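Below are the chains, spelled out letter by letter.
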Amino acid sequence: MLAFKYISFHYIRYFFIILLALVMFLVGFDYMGSTEKLDISANLLLIYVVYKIFYAVDMLLPLSLVFAMISTKLFLIRSNALVSFYSLGYSRADILKPFVVVSSAIVIIFIFLHSISNFARADEFAKNIRKNAQYLSPTRDLFFTYKDKFVYFSRMLPLQESAENIRVFSFANNSLKEILVATKAAYRNDAWHIDKADIITKPDDISFDSLGMRVSEQKNLEILQGFRPKMLDQVYEGKVNFTIKDAIDAYILLKAQNINTAVVKSALYKIFVYPFFVPSLIVIIFFFVPVSVRFLNISLFSFGAIISSLVVWAFLFALIELSNHKTIPSELGIIVPTFVLFLIAIRQWRVHRLST
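About the criteria used
- Residues numbered from 1 in each chain as written.
- Predicted model: local features only at pLDDT ≥ 70, side-chain atom pairs only at ≥ 80, totals over all residues.
- Heavy atoms only, no water.
- Helix = DSSP H or I, 4+ residues; strand = E, 2+ residues; numbered from the N terminus.
- Salt bridge = Lys/Arg side-chain N within 4 Å of Asp/Glu carboxyl O.
- Buried < 20%, exposed > 50% of the residue type's maximum accessible area, 1.4 Å probe, protein only.
- Expected span 1.5 Å × (residues − 1).
- Axes fitted to C-alpha atoms, helices over the stretch in contact; angles between N-to-C directions.
- Parallel < 35°, antiparallel > 145°, perpendicular 65-115°, else oblique.
- Left-handed = near helix turned anticlockwise from the far one by under 90°.
- Contact = heavy atoms within 4.5 Å.
- Phe/Tyr/Trp six-rings, centres within 6.5 Å; stacked < 30°, edge-to-face > 60°.
- Pairing = 2+ DSSP bridges.
- Patch = residues over 30% accessible without salt bridge, like charges linked within 9 Å, V, L, I, M, F, W, Y side chains within 5 Å.
- Areas by Shrake-Rupley, 256 points an atom, 1.4 Å probe, with all protein chains shown as cover.

Engineer: Would you mind going over the environment of I344 with me for this structure?
Structural biologist: With respect to the element layout, I344 can be found in helix α12 (residues 330-352). Spatially, the C-alpha atom of I344 lies 8.9 Å from that of V283, the residues being 61 residues apart in sequence.

Following this line, the structure appears as structure tokens:
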């Protein structure tokens, strides 16, 4: 218990120091490169910086956990605390346990942070501020299918949960049946409400003797049940920064309509599976470290461990990007590499768990 508290304390301390340093570096570097484009008010600039901090935390937190383990292990070696723990009867598994438990707990907290829209979509909001001087820009010319209908929104405002210039094309037997034309629609009570719309109906028999097109006016219509504005914006604009709720709802809805769910699955795997490479990588690196400074070139080991961690993290990040763009299946790009690291970590644990 003493070793667990002592190691956990130093591990958490190094984690926050390293995360803060990496985040400040990334945000500062981004700000210097974007100064000319940030001709905005002080309030928007502050919001932009906050969103970039959220994005940096989202990207760098897993890597910081690994770097913190390396730093803590080196601290224990240099202070001879590691040898002291071993001499008191602690095994390698006992010393490793605080790193695995603390990193897993932080990873779980990290996953649940993606249920917050401002955190999960921070990069998107920051880009909107830099480009449009507002953190949630309107989506234009949105055209998508829903059940047996084709829907067109000329302009959608996700923040106001409204849309303008709506067209809904209904088909029957592969033939256009009617067109709904409306000026505005608002999202309320899990559906899009239209106060007034014109319905253009095409006759079944198109001939000189038919009555021709019929135009009627209808009021208080409901369309697109269950399609929230943010979900529409994310799915049909091809964005991948989903919140947990939006991703799950989008997957269920698209699956029911037999629409490709590759991007949504990739987002879910990135949220729930990818972060767990951290405990596995910690276990793998941990057992390569000697117990004493006499058997260790500190500079060489630090360099090798950091480079190895960066290579693994960059490789996983690249596979995630390929999965997001549907270049490779998300199962192959996210689940398989994480599972392989887990198997290697389990093997390392079994081989070294009883050794000191």
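Read on, since the account is not over.
Engineer: Any chance you could explain the pattern of salt bridges here in plain terms?
Structural biologist: Once their charged atoms are close, side chains differing in charge can pair, the charge on each being opposite to the other. Across all of its chains, the model carries eight salt bridges by this definition. With a shortest N-O distance of 3.7 Å, K52 and D123 are connected by a salt bridge. With K52 in helix α2 (residues 42-78) and D123 in helix α6 (residues 122-132), the pair connects residues that are 71 residues apart, well separated along the chain. Using a relative accessible area of 12% as the deciding quantity, one classes D123 as buried.

Engineer: When you look at helix α4 (residues 92-113) in this model, what are you seeing that I'm missing?
Structural biologist: Given 3.6 residues per turn, any residue in an α-helix points the same way as the ones three and four places further on. With 22 residues, α4 extends 32 Å between its outermost C-alpha atoms, agreeing within 8% with the 32 Å of an ideal straight helix rising 1.5 Å per residue. Within α4 the residues assigned to the buried category are R92, A93, I95, L96, P98, F99, V102, S103, I106, V107, F110 and I111.

Engineer: Got a minute to help me understand the packing of helix α10 (residues 277-286) against helix α11 (residues 298-324) in this structure?
Structural biologist: Working note: a packed helix pair is described by the angle between its axes plus the distance between those axes. Two elements in contact, α10 and α11, have axes whose closest approach is 12 Å; the angle formed by their N-to-C orientations is 150 degrees. Comparing the axis directions of α10 and α11 gives the class roughly antiparallel. As for how α10 packs across α11, the hand of that crossing is right-handed. Here F277, L281 and I285 of α10 come into contact with α11, specifically with F301, A305, S309, V312, W313 and L316.

Engineer: Can you help me understand the packing of aromatic side chains in this one?
Structural biologist: How two aromatic rings sit relative to each other is given by the distance of their centres and the angle of their planes. Counted by the stated rule, this structure contains 17 aromatic pairs. For the ring pair F25 and F29, a centre distance of 6.0 Å and an interplane angle of 25 degrees mean the geometry is stacked. Of this pair, F25 and F29 both sit in helix α1 (residues 2-34), four residues apart, which is roughly one turn of the helix. Overall, the relative accessible area of 58% leaves F25 in the exposed class. Of the residues examined, F29 reaches a relative accessible area of 55% and is grouped as exposed. For the ring pair F153 and W192, a centre distance of 5.3 Å and an interplane angle of 55 degrees mean the geometry is tilted. Here F153, found in strand β2 (residues 149-157), pairs with W192, found in strand β5 (residues 191-201); they are 39 residues apart in sequence, far enough to count as distant.

Engineer: Sorry, what's going on with the sheet that holds strand β4 (residues 175-188) here?
Structural biologist: Taken in spatial order, the six strands of this open sheet run β1-β2-β3-β4-β5-β6, and their pairing is antiparallel. Each edge of the open sheet carries a strand with a single partner, namely β1 (139-146) and β6 (214-223). For this sheet the average axis-to-axis angle between neighbouring strands, irrespective of direction, equals 20 degrees. Across ten bridges, strand β3 (residues 162-172) lies against β4 in antiparallel orientation. Across the sheet, the residue bridging to I166 is A182, located in β4.

Engineer: Help me understand the packing of helix α9 (residues 262-272) against α12, please; the structure alone is not making it clear to me.
Structural biologist: Look at α9 against α12: their axes get within 9 Å of each other, and the N-to-C directions meet at 10 degrees. Taken together, the axes of α9 and α12 lie roughly parallel to each other. Across the interface between the two elements, A262, K265, S266, Y269 and K270 from α9 touch S330, E331, I334 and I335 from α12.

Engineer: For this particular structure, what's the right way to read the environment of I116?
Structural biologist: As for its position among the elements, I116 is in the loop between α4 and α5 (117-120). Each C-alpha atom, one on I116 and one on F242, is 9.7 Å from the other, the two residues being 126 residues apart in sequence.

Engineer: Teacher, can you tell me more about a nonpolar patch on the surface here?
Structural biologist: Nonpolar side chains collect at one region of the surface, where F303, I306, I307, L310 and V311 lie side by side and expose about 430 Å² of accessible area between them. Mapped onto the elements of the fold, L310 is located in helix α11.

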